[in-house]
Amino acid sequence: MILYTMMPQELIFPQDSSVFQQQQMVNYQGVPLLVEKTDNQSYQVIRILSSDPQHYLNANICPGSKISLLNLDR
């Protein structure tokens with residue numbers, strides 16, 4: 001079966017809910033991010049949730065990069 005769609009694969013074939021329990025929304029230096037906890041002191045950026053185009057140019061918060069728990073805005 002071939003499926004032609006513009007929808008992301010995650011919406012068509014949802015993952016197990018346990019994957020999403022590790023993810024949370026945080027503010028990092030004023031930028032809202034969706035992150036996943038990797039260990040006790042760091043998170044990995046999954047998605048940038050900002051509408052400001054300048055935030056997408058910041059190499060420190062690009063998807064896949066790691067950020068420290070100590071630098072989160074709470």
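Residues numbered from 1 in each chain as written. Predicted model: local features only at pLDDT ≥ 70, side-chain atom pairs only at ≥ 80, totals over all residues. Heavy atoms only, no water.

Peer 1: Teacher, can you tell me more about the overall build of the chain here?
Peer 2: The secondary structure content of the chain amounts to three helices and five strands. When the helices and strands of the chain are listed from N to C terminus, the series reads α-α-β-β-β-α-β-β. The C-alpha radius of gyration computed for the chain amounts to 14 Å, which surpasses the reference 11 Å derived for 74 residues by more than 25%, pointing to a less compact arrangement than a globule. When the backbone C-alpha atoms are referred to their principal axes, the chain occupies close to 45 × 30 × 15 Å. Evaluated residue by residue, the chain yields a buried proportion of 20% over its 74 residues. In the chain, of all internal contacts separated by at least 6 residues, the share reaching a separation of at least 24 is 35%. The chain carries 4 positive and 6 negative side-chain charges, and their two centres are separated by 5 Å. (Helix = DSSP H or I, 4+ residues; strand = E, 2+ residues; numbered from the N terminus. Rg over C-alpha atoms; globule rule 2.2 N^0.38 Å. Buried < 20%, exposed > 50% of the residue type's maximum accessible area, 1.4 Å probe, protein only. Contact = heavy atoms within 4.5 Å. Lys, Arg positive; Asp, Glu negative; His and termini not counted. Charge placed at Lys NZ, Arg CZ, Asp CG, Glu CD.)

Peer 1: Would you mind going over the nonpolar core with me for this structure?
Peer 2: Side chains of a nonpolar character, in soluble globular proteins, are inclined to be buried together. In this structure, Val26, Tyr28, Val31, Leu33, Val35, Tyr43, Val45, Ile48, Ile61, Ile67 and Leu72 together form the largest nonpolar core, which totals eleven residues. Mapped by element, the contributors of at least two residues to this core are strand S1 (23-28), strand S2 (31-37) and strand S3 (42-48). Ile61 has contacts with Tyr28, Val31, Leu33, Val45, Ile48 and His55, leaving out every residue within four places of it along the chain. (Core = buried A, V, L, I, M, F, W, Y, C linked by side-chain atoms within 4.5 Å.)

Peer 1: When you look at the side chain of Ser42 in this model, what are you seeing that I'm missing?
Peer 2: Secondary-structure assignment places Ser42 in strand S3. According to the relative accessible area criterion, Ser42 is buried, its value standing at 12%. Within the local environment of Ser42, its side chain forms a polar contact with the side chain of Thr38, the two groups lying 2.9 Å apart. Only 2.7 Å separates the side chain of Ser42 from the side chain of Asp39, close enough to count as a polar contact. Residue contacts for Ser42: discarding those within four places in its chain leaves Lys37, Lys66, Ile67, Ser68 and Leu69. (Polar contact = N/O pair within 3.5 Å; in protein donor to acceptor, adjacent residues only side chain to side chain.)

Peer 1: What am I meant to see in a nonpolar patch on the surface here?
Peer 2: Side chains of Met1, Leu3, Met7, Leu11, Ile12 and Phe13 sit close together on the surface and give an oily, nonpolar patch of about 700 Å² of accessible area. On the accessibility criterion, Met1 (93% relative accessible area) is exposed. (Patch = residues over 30% accessible without salt bridge, like charges linked within 9 Å, V, L, I, M, F, W, Y side chains within 5 Å. Areas by Shrake-Rupley, 256 points an atom, 1.4 Å probe, with all protein chains shown as cover. Salt bridge = Lys/Arg side-chain N within 4 Å of Asp/Glu carboxyl O.)

Peer 1: What is the right way to look at the pairing of S1 in this model?
Peer 2: Taken residue by residue, a regular strand's side chains alternate between the two faces of the sheet. Across six bridges, the pairing between S1 and S2 is antiparallel. For Val26, the partnering residue across the bridge sits in S2 and is Leu33. In this structure, the hairpin formed by S1 and S2 is closed by a connection of two residues, where Gln29 is found at a positive phi of approximately 55°. (Pairing = 2+ DSSP bridges.)

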